[in-house]
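# Summary of the model geometry
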Amino acid sequence: MASPAVVIASLVFYSFVAASTVAANFYRDFDITWGEGRGQIVNNGQVLTLSLDKASGSGFQSKNEYLFGKIDMQLKLVSGNSAGTVTAYYLSSKGSTWDEIDFEFLGNLSGDPYILHTNVFSQGKGNREQQFYLWFDPTADFHTYSILWNPQRIIFSVDGTPIREFKNMESKGVPFPKDQPMRIYSSLWNADDWATRGGLVKTDWTQAPFTASYRNFNADACIWSSGSSSCPTNSPPSSPSNNGWLSQELDSSNQERLQWVQKNYMIYNYCADTKRFPQGLPTECNAA
């Protein structure tokens, strides 16, 4: 077995992100950016909480920017009557032609399921929503929500089960996020003008403060800094195995799991909304 010094030297040689090899610490990896104290880092940096009351929500962002990666975060969502609240967890770049990869959790009345809303923006254009129910109560415990983003595809996963894949179809004229580094963001905010049944159900402020919790962040990712990536441009075949996500795709087993989720838990798919696109569905919807 290689000595720790050899392992460390190897990682430095290939300039891979060390985040996957050290315990997550929210003090080190994130900044709470708004909320006037409603965002808190607790348990020696192991847990982050966001809260929402009638005066304000709260949010945070990663210290690092990334250009491709496998990002994992465990979330425990607002419990009880969460109608009107939205917990957003996403990757985004800046500017008018920004890229973005979204998880949004739309709260609901007690006993009604959360809606998991996903979207992909490229060059400032989104309108690629898919929505799902979950097969568990996301408020009872922590669950892992993952974004795999490499040059070929974006895969959204929940507890290791893929729920959505967005492939790179630039060859067919579909923009794909691949040139703009993105930070990780999350926010908990009031969206009772649209979030629950189109805004029909309003936030019950007697239930406030509403709180969402985060733990076990992990990024196997290419950190972007000063115009360059921490990942080698031409990594040799013998490079460390933790860059497998750079070319990862869904194997047959995960394709079946994806189809299972989409058959049983998908509640909206923009690619099936012909009323919304009377001139024809977006190009990627018709690709094989």
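Right above here is the structure, for reference.
As the structure is a computational prediction, the values presented were derived from the model and not from experiment. Residue numbers run consecutively from 1 along every chain, following the written order of its sequence. Local features in this predicted model are restricted to residues of pLDDT 70 or higher, and side-chain atom pairs are both shown and tallied only at a pLDDT of 80 or more, whereas totals for entire chains, interfaces and linings draw on every residue. Side-chain descriptors were evaluated using all non-hydrogen atoms of the structure, hydrogens and water having been removed beforehand.

### Structural notes on the overall build of the protein chain
- Here a strand is any run of E in DSSP of at least two residues, a helix any run of H or I of at least four, and the numbering for each starts at the N terminus. Within the protein chain, the regular secondary structure consists of four helices and 16 strands.
- By definition, residues are in contact when any of their heavy atoms lie within 4.5 Å. Considering only residue pairs separated by 6 or more positions, the protein chain has 67% of its internal contacts joining residues 24 or more positions apart.
- Working definition of accessibility: Shrake-Rupley area with a 1.4 Å probe, residue cover restricted to the visible protein chains. Accessible surface for the protein chain amounts to roughly 13700 Å². Of this, 49% is attributable to carbon and sulfur atoms.

### Let's talk about the packing of aromatic side chains
- Side-chain rings of Phe, Tyr and Trp (the six-membered ring for Trp) are treated as a pair once their centres are within 6.5 Å; stacked means planes under 30 degrees apart, edge-to-face means over 60, and tilted covers the remaining angles. Inspection of the entire model under this criterion finds 18 aromatic pairs.
- Here the aromatic rings of phenylalanine 60 and tyrosine 214 are separated by 5.0 Å at their centres, their planes lie at 90 degrees, and the arrangement is edge-to-face. Separated by 154 residues along the polypeptide, phenylalanine 60 in strand β4 (residues 58-62) and tyrosine 214 in strand β14 (residues 210-225) bring together distant segments of the chain.
- Its relative accessible area of 1% is what places phenylalanine 60 among the buried residues.
- Ring geometry for phenylalanine 103 versus tyrosine 145: centroids 5.9 Å apart, planes at 70 degrees, classification edge-to-face. A residue pair is termed long-range when its members are at least 10 positions apart, and phenylalanine 103 in strand β7 (residues 100-106) and tyrosine 145 in strand β10 (residues 143-149) qualify at 42 residues. Comparing phenylalanine 103 with tyrosine 145, the two get one shared label, buried.
- Counting every residue linked through ring pairs, the aromatic cluster contains Phe26, Phe30, Phe60, Tyr214 and Phe217. Only protein chains enter the calculation, and the probe is 1.4 Å; a residue is then buried if its accessible area is under 20% of its type maximum, exposed if over 50%, and partly exposed in between.

### A closer look at the sheet that holds strand β6 (residues 85-92)
- In this analysis, strands are considered paired if DSSP registers two or more bridges between them. With antiparallel pairing, eight strands are arranged side by side in an open sheet as β1-β4-β13-β6-β7-β8-β9-β16. The sheet is open, and its two borders are formed by β1 (30-34) and β16 (266-269), each paired with just one other strand. Strand-to-strand twist of the sheet, defined as the mean angle between neighbouring strand axes without regard to direction, takes the value 15 degrees.
- The sheet contact formed by strand β8 (residues 115-121) and strand β9 (residues 130-132) spans three bridges and is antiparallel. Residue pairing in the sheet places threonine 118 in a bridge with glutamine 130 of β9. Angular values range over 0 to 180 degrees, each being the angle between N-to-C directions of two axes fitted as lines to C-alpha atoms, with helices fitted over their stretch in contact.

### Points about the side chain of serine 82
- Relative to the helices and strands, serine 82 resides in the loop between β5 (65-76) and β6.
- On the accessibility criterion, serine 82 (1% relative accessible area) is buried.
- Ignoring sequence-local partners within four residues, the contact set of serine 82 consists of Gly107, Asn108 and Tyr114.

### Points about the state of the cysteines
- Two cysteine sulfur atoms form a disulfide, by the criterion used here, when they sit within 2.5 Å. Within the structure shown, the criterion is met by two disulfides.
- Disulfide partner of cysteine 222: cysteine 231, at an S-S distance of 2.0 Å. Between cysteine 222 and cysteine 231 the sulfur-sulfur dihedral comes to about -95 degrees; the bridge is accordingly left-handed.
- When its relative accessible area of 3% is taken as the criterion, cysteine 222 is described as buried.
- Disulfide pairing places cysteine 271 opposite cysteine 285 at an S-S distance of 1.9 Å. On the sign convention where negative is left-handed, the bridge of cysteine 271 and cysteine 285, at about -75 degrees about the S-S bond, is left-handed. Of the two residues, cysteine 271 sits in the loop between β16 and α4 (283-286) while cysteine 285 sits in helix α4, which places them 14 residues apart along the sequence.

### Observations concerning the nonpolar core
- If you look at the biggest cluster of nonpolar residues, it comprises 61 residues, and the most contacted ones within it are Met73, Phe103, Tyr145, Trp149, Ile154, Tyr214 and Phe217.
- The element that contributes the greatest number of residues to this core is β14, accounting for seven residues.
- Among the nonpolar cores identified, the runner-up in size contains five residues, and Val86, Leu106, Ile115 and Ala195 belong to it. Here, the term nonpolar core denotes a set of buried Ala, Val, Leu, Ile, Met, Phe, Trp, Tyr and Cys residues that are joined through side-chain atoms within 4.5 Å.

### What about helix α3 (residues 252-264)?
- Any helix carries an expected span of 1.5 Å times its number of residues minus one. In this model, α3 (13 residues) spans 18 Å end to end at C-alpha, consistent with the 18 Å of a helix rising 1.5 Å per residue.
- Elements that come into contact with the buried residues of α3 comprise β9, β12 (161-167) and β16.

### Here we look at the pattern of salt bridges
- For this document, the term salt bridge refers to a Lys or Arg side-chain nitrogen within 4 Å of an Asp or Glu carboxyl oxygen. Scanning the model with the defined rule gives 10 salt bridges in all.
- For the salt bridge of aspartate 31 with lysine 63, the shortest nitrogen-to-oxygen distance reads 2.6 Å. Note that aspartate 31 is positioned in strand β1 and lysine 63 in the loop between β4 and β5, a separation of 32 residues in sequence.
- Two residues, glutamate 129 and arginine 276, come together in a salt bridge whose shortest N-O distance is 2.7 Å.

### Here we look at the pairing of β8
- With seven of its seven residues buried, β8 lies for the most part within the structure.
- A two-sided burial pattern is seen for β8, the buried positions comprising Ile115, His117, Asn119 and Phe121 on one face and Leu116, Thr118 and Val120 on the other.
- The pairing of β7 with β8 spans seven bridges and is antiparallel. In the strand pairing of β8, phenylalanine 105 is matched with leucine 116.

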